[in-house]
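Each chain, written out:
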Amino acid sequence: REKISKRLPLSDIEHLNLCAFVATMMQRTLRFKKNIESFYDQRIALVKGAGADAHSTELHVAKLEAEKKDAHKQGLIDSFPEITKMLMKMNVAFFCAEKSGEAFITSDDPCHMFNPDLQWQRFYSPGLGQEHTEVKLALSRNTLLLLSWSNYRGYFPMESSGVDDQNR
């Protein structure tokens, strides 16, 4: 808070803590949990439709259903270090709403990952390793964090139209 509100550079440990925070915010949502559970539901449906003997199918389905119960929590633990490492490699920029009355929207699903190269495709979603992927997170009403592979680094003032665009 002290560094970002004063627009000062982050130390290495502050940068690590920021990336760990973003990694947590990316995975903690109900949407993320539902995606994982949907993946397990698809796997269970495939096993049931595979035509194997009933006993082995029943055992496999029971195993998958047991894994599904804790998949979100276990996924957080398992993927957190790797996501944090990937975010650490990205460039950090902060966009600052300059005028009073301007505000970035914060929410319970705060991270937005976007790759403009994929915006018109339905079957690929953005990934952190993709060249044009950006991760945005409104840290406060006045500050939007951008993690990207572009050359944006540091603090940038943002006009009203830019704040509106980001909120959209």
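As a reminder, the structure under discussion sits directly above these lines.
Note that the structure is a prediction, hence the values are computed from the model and not measured.

Q: Looking at this structure, how should I read the packing of aromatic side chains?
A: The geometry of an aromatic ring pair is captured by two quantities: the separation of the ring centres and the angle between the planes. The final tally for this structure, using the stated rule, is five aromatic pairs. Look at phenylalanine 39 and tyrosine 40: their rings are 5.9 Å apart centre to centre, the planes differ by 85°, and that puts the pair in the edge-to-face class. Across the ring face of tyrosine 40, the terminal group of arginine 43 is positioned such that the distance to the ring centre comes to 5.3 Å.

Q: Teacher, can you tell me more about the pattern of salt bridges here?
A: Should their charged atoms come close, side chains of opposite charge can pair. All told, the structure shown has eleven salt bridges when counted by the stated rule. Put simply, lysine 3 and glutamate 14 hold a salt bridge, and the shortest N to O gap is 2.9 Å. On the criterion of sequence distance, the pair formed by lysine 3 in helix H1 (residues 2-5) and glutamate 14 in helix H2 (residues 12-27) is long-range, its members being eleven residues apart. On the accessibility criterion, lysine 3 (25% relative accessible area) is partly exposed. With its nearest N and O atoms 2.4 Å apart, the salt bridge here joins arginine 168 to aspartate 165.

Q: I tried to follow the layout of surface pockets on my own but got confused; where do I start?
A: Rolled over the atoms, a probe sized like a water molecule indicates the empty space that remains. Approximately 970 Å³ is the volume attributed to the largest pocket. Lining the largest pocket are 33 residues, with Pro110, Cys111, His112, Met113 and Lys136 positioned closest to its centre. Where the lining of the largest pocket is concerned, the elements lending two or more residues are H2, helix H3 (30-48), strand E2 (111-114), strand E3 (134-138) and helix H6 (160-167). Among the residues making up the lining of the largest pocket, the classes are represented as 17 nonpolar, nine polar and seven charged. By volume, the second largest pocket amounts to about 330 Å³. Taken together, Arg1, Lys3, Ile4, Ser5, Leu10, Glu14, Asn17, Leu18, Phe21, Leu139, Ser140 and Thr143 form the lining of the second largest pocket.

Q: Help me understand H2, please; the structure alone is not making it clear to me.
A: Each turn of an α-helix holds 3.6 residues, which means side chains three or four residues apart point in the same direction. With 16 residues, H2 extends 23 Å from end C-alpha to end C-alpha; this agrees with the ideal 22 Å at 1.5 Å per step. What H2 keeps buried is the set His15, Leu18, Cys19, Ala20, Val22, Ala23, Met25, Met26 and Gln27.

Q: How do you make sense of H3 when you look at a structure like this?
A: If you check H3, its first and last C-alpha atoms are 27 Å apart, about what 19 residues at 1.5 Å a residue would give, namely 27 Å. Looking at H3, one finds that the buried residues are Ile36, Tyr40, Ile44 and Val47. Down the axis of H3, the sector holding all buried residues measures 85°, keeping them to one side. Seen from the open side of H3, the exposed residues pointing more than 90 degrees away from its buried face are Leu30, Lys34 and Leu46. Those residues of H3 that are buried lie in contact with helix H4 (54-69) and helix H5 (71-89).

About the cut-offs
- Residues numbered from 1 in each chain as written.
- Predicted model: local features only at pLDDT ≥ 70, side-chain atom pairs only at ≥ 80, totals over all residues.
- Heavy atoms only, no water.
- Phe/Tyr/Trp six-rings, centres within 6.5 Å; stacked < 30°, edge-to-face > 60°.
- Lys NZ or Arg CZ within 6 Å of the ring centre and 35° of its normal.
- Salt bridge = Lys/Arg side-chain N within 4 Å of Asp/Glu carboxyl O.
- Helix = DSSP H or I, 4+ residues; strand = E, 2+ residues; numbered from the N terminus.
- Buried < 20%, exposed > 50% of the residue type's maximum accessible area, 1.4 Å probe, protein only.
- 1 Å grid on protein atoms, 1.4 Å probe; cavity = no way out; pocket = protein on both sides within 12 Å on 5 of 7 lines; lining within 4 Å.
- Points joined across faces, edges and corners; volume = space filled by probe spheres on them.
- Nonpolar A, V, L, I, M, F, W, Y, C, P; charged D, E, K, R; others polar.
- Expected span 1.5 Å × (residues − 1).
- Arc of directions from axis to C-beta.
- Contact = heavy atoms within 4.5 Å.

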